[in-house]
Amino acid sequence: MSPPTIFDNVWDTIETPEKAAVLKIKSNLMQTLQEHIKQQEYSQVHVAKLCKTTQPRISNLMKGKISDFSIDILIEMLYCLDLRVDVEIKR
């Protein structure tokens, strides 16, 4: 019997490498938003107003419903909360 395959994270186990990369980025952006909102003790209503969206949408963000959000939208939300994104590309 061969030893079990070890993955760096859960995304690598369920998707192609390309899709796993997108999910990792989305997850990182989403976690950053969630942590910032909690640290600032912002209400969902306040975040919704800042980001010109609805409270239920922010609720989905806080629940981690990753499939409900594109990378573009997550970056826009970061900017509404005065956070910036820096991209690093590696070989």
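Residues numbered from 1 in each chain as written. Predicted model: local features only at pLDDT ≥ 70, side-chain atom pairs only at ≥ 80, totals over all residues. Heavy atoms only, no water.

Student: Explain helix 4 (residues 55-62) here, please?
Tutor: An α-helix turns once per 3.6 residues; consequently, residues spaced three or four apart project the same way. Listing the buried residues of helix 4 in full gives Ile 58, Ser 59 and Leu 61. Each buried residue of helix 4 sits inside an arc of 155 degrees when the element is viewed along its axis, so together they form one side. Those residues of helix 4 that are buried are in contact with helix 2 (17-40), helix 3 (44-50) and helix 5 (71-80). Phi turns positive, to about 80 degrees, at Gly 64, one or two residues after helix 4. (Buried < 20%, exposed > 50% of the residue type's maximum accessible area, 1.4 Å probe, protein only. Helix = DSSP H or I, 4+ residues; strand = E, 2+ residues; numbered from the N terminus. Arc of directions from axis to C-beta. Contact = heavy atoms within 4.5 Å.)

Student: Even after reading the chapter, I still don't get helix 5, so can you show me in this structure?
Tutor: All of the buried residues along helix 5 are Leu 74, Met 77 and Leu 78. Summarising the axial view, the buried residues of helix 5 lie within an arc of 100 degrees, below the 170-degree limit, and thus occupy one face. Of the residues trailing helix 5, Asp 82 is marked for its positive phi of about 60 degrees.

Student: Quick question: what am I supposed to make of unusual backbone geometry here?
Tutor: What is expected of a backbone is that most residues other than glycine have negative phi and most peptide bonds are trans. Despite not being glycine, Glu 41 has its phi angle at roughly 55 degrees, a positive value. Structurally, Glu 41 is set in the loop between helix 2 and helix 3. One non-glycine residue, Lys 52, lies in the positive phi region at around 55 degrees. Within the element layout of this structure, Lys 52 appears in the loop between helix 3 and helix 4. Taking relative accessible area as the criterion, Lys 52 reaches 76% and is therefore assigned exposed.

Student: Before we go on, may I ask you to explain the environment of Leu 23 in this structure?
Tutor: Inspection of the secondary structure puts Leu 23 in helix 2. Leu 23 gets classed as buried once you look at its relative accessible area, which sits at 15%. Separated by 48 residues in sequence, Leu 23 and Ile 71 have C-alpha atoms that sit 9.2 Å apart.

Keep in mind these numbers describe shape, not what the thing actually does.
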